[in-house]
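What follows is each chain in one-letter form.
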Amino acid sequence: MTDRLRVPRVAGVVLLVALALALPVAVADRRFYAFIVGITFLHVLWTAGMNLLSGFTGLIPLMYAGLAGIGAYVTVNLVMSAGVSFWLAMPLGAVAAAVVGVVLGLPALRLRGFYFTLSSLVIQSALTLLFVYFPRFTQGDTGISQIPAPTVTLPGLGTAALTGVWFEETLAVAAMLAVLVVWRVTRSRWGAYLVAIREDDVLTEALGIDVTRFRVIAFFISSLLAGMGGAFYAHYVAFVSPRSFDVLTSLNIWLMVAFGGRGTIAGPIVGAVILAPIPYLLQDLYLYKDIIYGVLIVLVTVFLPAGVWGSLLPRLRARLGAAAPARVPGKEFV
Amino acid sequence: MDALLLIGLSVVTTGLITGAIFALVAAGVTIVYGAIWLPNAANGQFFMLGGLLVWSLVTGWGMSPLLAAALVVAASVPFALVLEKGLIRYFYDVPDRNIVYLVVTLGLAQIFAGIFSSTYGRWTDNYSLPAAWPGIVMIGPFPFPKTRLLVLSIALGLLAGLFVFLRLHRVGRALRAVFQNREAAALRGVNVRGIYRFAFVLGTLVVFAGGTLFAMAYSFDLTAAWSMAIVAFAIMIVGGPGSVLGSVVIGLVFGFTQAIVSVFANPTIATFSYLVAMLVILLVKPSGLFTR
């Protein structure tokens, strides 16, 4: 990384963090907008996890929403039936999602490209069927409603439910942590391995790097974030049904990553911020959400394979006089 | 004994009809995949579109189901041509196009799902057609609606026609040549892009035919689209991508599985078994069972 980029980058990150923390407070009086802000943070978290796989490893995990569903259902059941604290249940749910993700994904990880994506589609369909037909834990298509908000115990102040602006701030922090984790992973040696695997897994293997192992690690972290997001989603929205975690949800999270720019850190954030609020902002158009997202999937694939940020980034770097830009994926699709 | 016979006959007829329709849709999907490398994830929505259009023509305009079905299947040709011209052909030369196509067609599927739920989904949640051929025939003690007999014969006839076409007709043979080896086919003077376009149109037409036949035989709802998409993919993968024979055999196997499972348990278990079968084949022999 060149020095000339350092200042704008740090300034940008500081600005973004400040903005993310200030936004919930700014709209705190208007619950509707505050809710959209919260949902957007959730999607930032989800896209970070999806990006680690689809952007940096080149695998498109269409079972992502199913894993989020596992995180959500495990957490909700622990909290509502077993009376476990959300703050203990949520990590357990996330780990459950990650374990299921790795166990189910492990055989599929040997596959590449289309065959991996297809088997992830199969796994997603199977998970959706499980959610619908095991109503003991999910209440089937009726869904689970009135999921309580997490409670926080502060020394000296007693116990209170995490609601309103505090919940949005928590989601903001969670989203930032997720982005931070993905940033750390991809800037490390591991990250270099992941990119090497994406670019040419046969060559990477030949160089003595254990391709499957690094794919599994990426898969674990990605699924962990999916499950964590699912747990937060359930307790934030207070309602989950199998439809919240179906294949279209996976596809839409993928769309946000691809729209922003796969394999960049900021791209998925851009994608989530632009696309996640659409169905809520355009209330009258809610029914057409699927059409809008579907059209965007087609358009992004045809015209903007590198994504909004991914197309902007090289120009930005050139303007700032930075060194030759790192290769941004997208031109060759995966 | 009579009860057993009745159940047996019901399983056989349901298995045959479901299997034939599965086989038809999967054949359409596999033709397109074999030729273009396009795994059409929107096949379930095309299937649904065929069924819904027939339903509209019959219930809205009072058209006879058979005429409506013929019109809808004919209309699938310009539909496929427009889609090919406007979208599909842009990726013909992309090396990893199967994954690009999977994503694009998932996008298409989402568009259609959105259109259906915001139009048809508002009107009703169950679509059924009047009998195309009223009355029943008795197979021993088993009453069999004549419409379903008609549907079964048309489906089997179409499959047979498809076979004959692919084996004997010049274009069908060129199509199979492209399945096997694009470069060699091109060297032998086959217009590969022309075959791509033709394969897409033919495959779409066959899927539409499957949808209209299904709509004539059974009442359906909008969820049938996604399950059909998954089942067609499962049949294609298990039977071997590009193998029409594979999709016919596995389609019938899956159809009978569905019919048998439905007698004892929730049909979802059948869907589950397709998913498992597909996953196993993907991991063990991704080229499928019927490819050489």
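For every chain, the first residue of the written sequence is number 1, and numbering continues from 1 onward in sequence order. For this description, chains carry letters from A and ligands carry numbers from 1, given in the order in which they are written. Owing to the predicted nature of the model, reporting of local features is limited to residues with pLDDT of at least 70; listing and counting of side-chain atom pairs is limited to 80 or more, with chain, interface and lining totals taken over all residues. Neither water nor hydrogens contribute to the side-chain values; these are computed over all heavy atoms in the structure.

Draft legend 1. Seen up close, the pairing of strand E2 (residues 142-145) of chain B. Residues and elements named next belong to chain B. Here E2 shows a clear split, with Phe142 and Phe144 buried on one side and none of Pro143 and Pro145 buried on the other. In short, DSSP must find at least two bridges between two strands for them to pair. In this text, helices come from DSSP runs of H or I with a minimum length of four residues, and strands from runs of E with a minimum of two, each type numbered from the N-terminal end. In this sheet, E2 lies alongside strand E1 (residues 136-139) in antiparallel orientation, the contact comprising 4 bridges. When the bridges of E2 are listed, Ile136 appears paired with Pro145. Two successive antiparallel strands, E1 and E2, enclose a turn made up of 2 residues, where Gly140 displays a positive phi of approximately 60°. The cut-offs for exposure are 20% and 50% of the maximum accessible area for each residue type, with area from a 1.4 Å probe on protein chains only; residues under the lower value are buried, those over the upper are exposed, and the others partly exposed.

Draft legend 2. Broad picture of the environment of Thr186 of chain A. Residue and element names in this part refer to chain A. Relative to the elements of secondary structure, Thr186 occurs in helix H7 (residues 164-187). On a C-alpha basis, the gap between Thr186 and Thr264 in space is 9.5 Å, while along the polypeptide they are 78 residues apart. Throughout, a contact is declared for two residues whenever any of their heavy atoms are within 4.5 Å. Leaving out residues up to four positions away in the same chain, Thr186 has contacts with Leu52, Phe56, Gly191, Ala192 and Ile265. A polar contact of 2.8 Å, which involves the side chain of Thr186, links it to the backbone oxygen of Val182. Polar contacts, as counted here, are pairs of nitrogen or oxygen atoms within 3.5 Å of one another; within protein the pair requires one atom able to donate a hydrogen and one able to accept it, and residues that are adjacent in sequence qualify only if both atoms are side-chain atoms.

Draft legend 3. Fine view of the side chain of Thr138 of chain A. All names here are of chain A. Looking at the secondary structure, you find Thr138 in helix H6 (residues 135-138). Polar side-chain contacts of Thr138 include one of 3.2 Å to the backbone oxygen of Phe134. When sequence neighbours within four positions are dropped, the list of residues in contact with Thr138 reads Tyr73, Phe131, Gly143 and Ile144.

Draft legend 4. The arrangement of the confidence of the model for chain A in detail. Every residue carries a pLDDT, the predictor's confidence in it, which falls somewhere between 0 and 100. Across chain A, the average pLDDT comes to 87, with 95% of residues at or above 70. The weakest mean pLDDT in chain A belongs to strand E3 (residues 158-161) of chain A at 79; the strongest belongs to helix H3 (residues 64-80) of chain A at 95.

Draft legend 5. Region of the structure containing the interface of chain B and chain A. Taken together, the 35 residues of chain B in the interface contact 38 residues of chain A. Using a 1.4 Å probe, buried area is obtained as the accessible area two parts lose upon being combined, added over both of them. Interface area for chain B against chain A, summed over the two sides, is near 3300 Å², with a carbon-plus-sulfur share of 83%. Contact with chain A buries area across many residues of chain B, yet Ile99, Gln110 and Leu283 of chain B alone supply 20% of it, more than any other trio. Linking chain B with chain A are 3 residue pairs in polar contact (both at pLDDT 80 or more). Ranked by residue count, the leading element in the side of chain B that touches chain A is helix H4 (residues 97-118) of chain B, at 14 residues. Its residues assigned to classes, the side of chain B that touches chain A comprises 25 nonpolar, 8 polar and 2 charged. We call Asp, Glu, Lys and Arg charged. Ala, Val, Leu, Ile, Met, Phe, Trp, Tyr, Cys and Pro are nonpolar, and the rest, Gly among them, are polar.

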